[in-house]
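# Structure assessment
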Amino acid sequence: MNNKIPTLQILKYMGNKRALLPWLITNIEPYLKEGKSIVDLFSGTASVGYALKPKYKIIANDIQEYSSIISEALLKFNYSIKDNDFDNNLNENYLSHLTLLEDVFCLYLKKENKLLKADPDLYFNFSNTAPLFGRTVTNKKLSQFYHLDFLNRKRQNPKSLPYILFSLYYSHTFYSLRQCIEIDSLRYAIDQIKSKVKRSVYLSCLLFAINKSVSSTGHFAEHLNANSVSGKSRIMQYRKVSVYDNFLKKLNDFRGMCINNAYKNEVYNLDYKELIFKLKSENRLDEVGLFYIDPPYTSTQYSRFYHIPETLVKYDYPIITKHRLREGLSQGRYREERYQSTFSQLRKAKDSFHEMFRVLSENTNATLALSYSDNSIIKPIDDLIEIAKQYYTVSIVKNGYSHSAQGSRFSSNGKGAKPIHEHIIICRN
Ligand SMILES: C[S@@+](CC[C@H](N)C(=O)[O-])C[C@H]1O[C@@H](n2cnc3c(N)ncnc32)[C@H](O)[C@@H]1O
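Bear in mind the structure is a predicted one, so any value in this text is a computation, not a measurement. (Residues numbered from 1 in each chain as written. Predicted model: local features only at pLDDT ≥ 70, side-chain atom pairs only at ≥ 80, totals over all residues.)

### Here we look at the overall build of the chain
The criterion, for reference: Strands here mean DSSP runs of E at least two residues long; helices mean DSSP runs of H or I at least four residues long; both are numbered from the N terminus. Just to be clear, the radius of gyration here is over C-alpha atoms, and the globule rule we use is 2.2 Å times residues to the power 0.38. Exposure is read from a count of other C-beta atoms within 10 Å of each residue's own; the residue is exposed at 12 or fewer, buried at 20 or more and partly exposed in between. C-beta atoms are placed from the backbone.
Within the chain, the regular secondary structure consists of 19 helices and seven strands. Taken against the 2.2 N^0.38 rule, which gives 22 Å for 429 residues, the C-alpha radius of gyration of the chain at 23 Å falls within 12% of a compact globule. Viewed in the frame of its principal axes, the chain has a C-alpha envelope of about 70 × 50 × 40 Å. Relative to its 429 residues, the chain shows a buried fraction of 41%.

### Considerations on the domain arrangement of the chain
How we decide: By convention here, the domain bounds are inherited from an automatic or database domain assignment. C-beta atoms are placed from the backbone for every residue, and two residues are taken to be in contact when these atoms lie within 7 Å.
Partitioning the chain into structural domains gives domain 1 (2-75 + 262-295 + 345-428) and domain 2 (85-255). Between the C-alpha centres of domain 1 and domain 2 there is a distance of 33 Å. With 12 residues of domain 1 in contact, the opposing surface of domain 2 contributes 12 residues.

### Some remarks on the environment of Q331
With respect to the element layout, Q331 can be found in the loop between α17 (307-314) and α18 (349-363). Taking the C-beta count within 10 Å as the criterion, Q331 has 15 such neighbours and is therefore assigned partly exposed. Separated by 37 residues in the primary sequence, Q331 and D294 have C-alpha atoms spaced 30 Å apart. Not counting chain neighbours up to four residues away, the residues in contact with Q331 comprise E222 and H323.

### Quick look at the nonpolar core
Short version of the rule: Only buried Ala, Val, Leu, Ile, Met, Phe, Trp, Tyr and Cys residues enter a nonpolar core, and they are joined through C-beta atoms within 7 Å.
The biggest cluster of nonpolar side chains holds 107 residues, and the ones touching the most others in it are L206, L207, I210, F291, Y292 and A369. When residues in this core are grouped by element, the largest group, nine residues, is from helix α12 (residues 196-213). Those residues in contact with Y292 that lie beyond four places of it in its chain are I28, I38, V39, D40, L41, V48 and A369.

### Side note on helix α5 (residues 91-104)
Threshold: Expected helix span is computed as 1.5 Å times (number of residues minus one). Our arc is simply the arc of the directions from the helix axis toward the C-beta atoms.
Spanning 14 residues, α5 covers 20 Å between terminal C-alpha atoms, matching the ideal 20 Å at 1.5 Å per step. Regarding α5, the residues found buried are Y94, H97 and L101. Along the axis of α5, the buried residues cluster in a sector spanning 80°; they form a single face. Counted as exposed and oriented over 90 degrees from the buried face of α5: E92, L95, S96, T99 and D103. Buried residues in α5 make contact with α10 (165-169) and α11 (177-191).

### Here's the deal with the packing of α12 against α17
Definition in use: To define axes, lines are fitted to C-alpha atoms, for helices over the stretch in contact only, and angles between the resulting N-to-C directions are given on a 0 to 180 degree scale. By convention the crossing between two helices is left-handed if the near helix lies anticlockwise of the far one by an angle smaller than a right angle, and right-handed if it lies clockwise.
Look at α12 against α17: their axes get within 11 Å of each other, and the N-to-C directions meet at 145°. Seen from above, α12 lies across α17 with right-handed handedness. Residue-level contacts link L203, L206, L207 and I210 of α12 to I308, P309, L312 and V313 of α17.

### Looking at the site of the ligand
Condition: We call a residue near a molecule or strand when its C-beta atom, built from the backbone, sits within 6 Å of it. In this classification, Asp, Glu, Lys and Arg are treated as charged, Ala, Val, Leu, Ile, Met, Phe, Trp, Tyr, Cys and Pro as nonpolar, and every other residue, Gly included, as polar.
For the ligand, the set of nearby residues contains 22 residues, the closest of which are G15, N16, F42, G44 and S341. Each residue belonging to the shell around the ligand can be placed in one class, and the counts come to nine nonpolar, nine polar and four charged.

### Observations regarding the packing of α18 against helix α19 (residues 381-389)
Threshold: Small angles under 35 degrees read as roughly parallel and large ones over 145 as roughly antiparallel, with 65 to 115 read as roughly perpendicular and the rest as oblique.
One can describe the packing of α18 onto α19 by two numbers: an axis separation of 9 Å at closest approach and a directional angle of 30°. Relative to α19, the element α18 is oriented roughly parallel. Note on packing geometry: the crossing formed by α18 with α19 is right-handed. Here α18 contributes K350, F353, H354 and F357 to the contact with α19, which in turn contributes D383, L384, I387 and A388. Considering only residue class, the contact of α18 with α19 consists of five nonpolar, one polar and two charged.

### A closer look at the pairing of strand β2 (residues 57-61)
Counted only if it meets this: The rule for pairing is simple: two strands pair if DSSP sees at least two bridges between them. Whether a crossover is right-handed depends on one test, that the path from the first strand over the helix to the second runs clockwise when the strands point away from the viewer.
With five of five residues buried, β2 is to be regarded as a mostly interior element. Note: strand β1 (residues 37-40) against β2, four bridges, orientation parallel. From the neighbouring strand, D40 faces β2, where its bridge partner is A60. Taking the sense of rotation as the criterion, the β-α-β connection linking β1, helix α2 (residues 47-52) and β2 turns out right-handed.

### Some remarks on the environment of D184
Summarising the element assignment, D184 is placed in helix α11. The exposure class assigned to D184 is buried, which follows from the 25 C-beta atoms found within 10 Å. Between the alpha carbons of D184 and E386 there is a distance of 49 Å; along the sequence they are 202 residues apart.

### A closer look at unusual backbone geometry
The phi angle of most residues is negative, glycine excepted, and most peptide bonds adopt the trans form. For the bond running from L161 to P162, omega is -5°, close enough to zero to count as cis. For P162, the location among the structural elements is in the loop between α9 (148-156) and α10. Along the chain, K379 connects to P380 via a cis peptide bond; the corresponding omega equals -5°. By the secondary structure assignment, P380 is in the loop between β5 (367-373) and α19. You will see that Y317, though not glycine, has its phi angle at about 45°, which is positive. Examined against the element boundaries, Y317 turns out to sit in the loop between α17 and α18. In the Ramachandran plot, E337 falls in the positive-phi region, its phi being about 55° despite a non-glycine side chain. Turning to its location among the elements, E337 is positioned in the loop between α17 and α18.

Now the structure itself:
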């Protein structure tokens, strides 16, 4: 592996291995075999697959659909983006749709634009009462869009015009109205692109842009609340961030990334076991040289922290969960039927690893490289190592590192991040 490891960040992602790549790749490279595939079984933001793409065939898999979009863009797109790509492919549809939504929300957009430059109290008086799914909407022109009948029609036919999901669901909470109409309009323009891989590149740019502009601490579990002077000013700053500019910024990053590989990389959106059984049924498990395994390691469910990216790619006008204690929608506006990973459930995590080692050891002779840290749901990590030893011959590589934890692992006492030891558990038959 040469010294320059390719990276392209799309989401600020809990547990992503970007900062760990030099250490990780140095330590798994001895087990990689040229001509054999690497399966990234829990691929997240595809950082590991992208880093290995120059030399190996990658099969990426994750249960979240946004992850498969990112993997598709990073692993399957082998061309470069030209200077005038946006103008040639998206601009016309983007602008025509933007005009459509500007007309629908014209009054509120004007008010918002003015008040975002004004006194915070005036802005929040407006923002806390403006039309939003879950509030009573009295404005005659707009109320039709918030009726259940309209939403049910959209759920049947989500790609009908106008694309309006973000404007209805997330304005004045996770985003400003202006940001939402930009998101909906870019989403519309992207859907008019014929090539699936190119759509994934554009959707990845939009994922980046919605992450940059969200009124939160970086993830999507909950939006910030305007309950202090500093909180209000922070939210107002976020709400002025341009989705469009950030989209173009990431598209520009794709211009320089053109990494070609000689292989046909593959991307799946399955439970990890389904992928193993699929490869088995196709007699393809012998193609695999290494399974890289980076499962969830905390009790945080990815489907909660990243429900808005999931909704952006599905664009399905989901049913939103109710608040557990009071009337109305949940604060985070979560999708119903989110996937709950047992790797994140304290009572089930150990059994999940038993199951995973069993399924893999019974079906393939390939080596496993499992990433886990000593500040994870299974503590001490020796317990996990003992489980692995019941199925494999095990060796351990350990590192001191604090990784992206979206706030949860960083101490709040001002002493900075607590050192976390990352481990690679190498399992051989
Ligand atoms: C620690 S993250 C992977 C991070 C990734 N290596 C990166 O660098 O971005 C764990 C991933 O496991 C996925 N996941 C959780 N349960 C899963 C399952 N049963 N099958 C497949 N993927 C799953 C989550 O959606 C999440 O993206």
